[in-house]
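Overview (structure and organization)
In case you want the letters, here they are:
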Amino acid sequence: MREFETHSSTAKPDDQALAISDVKRDMESTLRWTVSSCGDVGYGKTEVAMRAAFKAISENKQVAVLTPTRC
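This one's a predicted model, so the numbers in the text were calculated from it and none came from an experiment.

What follows concerns the packing of helix α2 (residues 14-28) against helix α3 (residues 45-58). Relative placement of two packed helices is described by the angle separating their axes and the distance separating the axes. The N-to-C vectors of α2 and α3 enclose an angle of 25°; their axes lie 10 Å apart at closest approach. As summarised for this structure, α2 and α3 are arranged roughly parallel, according to the angle between their axes. The crossing of α2 and α3 is right-handed. Contact residues: Gln16, Ala19, Ile20, Val23, Lys24, Met27 and Glu28 in α2; Glu47, Val48, Arg51, Ala52, Lys55 and Ala56 in α3. In the contact of α2 with α3, the residues fall into seven nonpolar, one polar and five charged.

Here it is as structure tokens:
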């Protein structure tokens with residue numbers, strides 16, 4: 001996980017860094033949870049989602065990432 005985080009492209013804005021740490025904390029708890037991320041284009045939702053997906057995969061969990069597409 002650290003190697004993945006180290007190769008991240010840029011410095012994270014405070015809100016994005018907070019979202020990343022909140023997701024990590026939630027993933028490490030024993031409670032079940034569901035997360036939905038919404039926001040304007042360019043605010044780092046994909047970065048947060050990919051970090052969460054990588055963390056889950058590195059812990060032998062299954063991951064599905066859904067993205068909208070145009071018709």
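Moving on, there is more to tell.
This brings us to the pattern of salt bridges. Tallying each qualifying case throughout the model produces five salt bridges. With its nearest N and O atoms 3.1 Å apart, the salt bridge here joins glutamate 28 to lysine 55. Taken together, the residues span a long stretch of sequence, with glutamate 28 in helix α2 and lysine 55 in helix α3 at a distance of 27 residues. A relative accessible area of 56% means that glutamate 28 is categorised as exposed. We classify lysine 55 as buried; its relative accessible area is 8%. Glutamate 59 is paired through a salt bridge with lysine 55; the nearest N and O atoms lie 2.9 Å apart. If you follow the salt bridges from partner to partner, you end up with Asp22, Arg25 and Asp26 in one network.

The first and last C-alpha atoms of α2 sit 21 Å apart over 15 residues, in line with the 21 Å expected at 1.5 Å per residue. For α2, the elements touching its buried residues are α3.

Parameters and conventions
Residues numbered from 1 in each chain as written. Predicted model: local features only at pLDDT ≥ 70, side-chain atom pairs only at ≥ 80, totals over all residues. Heavy atoms only, no water. Axes fitted to C-alpha atoms, helices over the stretch in contact; angles between N-to-C directions. Helix = DSSP H or I, 4+ residues; strand = E, 2+ residues; numbered from the N terminus. Parallel < 35°, antiparallel > 145°, perpendicular 65-115°, else oblique. Left-handed = near helix turned anticlockwise from the far one by under 90°. Contact = heavy atoms within 4.5 Å. Nonpolar A, V, L, I, M, F, W, Y, C, P; charged D, E, K, R; others polar. Salt bridge = Lys/Arg side-chain N within 4 Å of Asp/Glu carboxyl O. Buried < 20%, exposed > 50% of the residue type's maximum accessible area, 1.4 Å probe, protein only. Expected span 1.5 Å × (residues − 1).

Just geometry here; none of it tells us what the structure is for.
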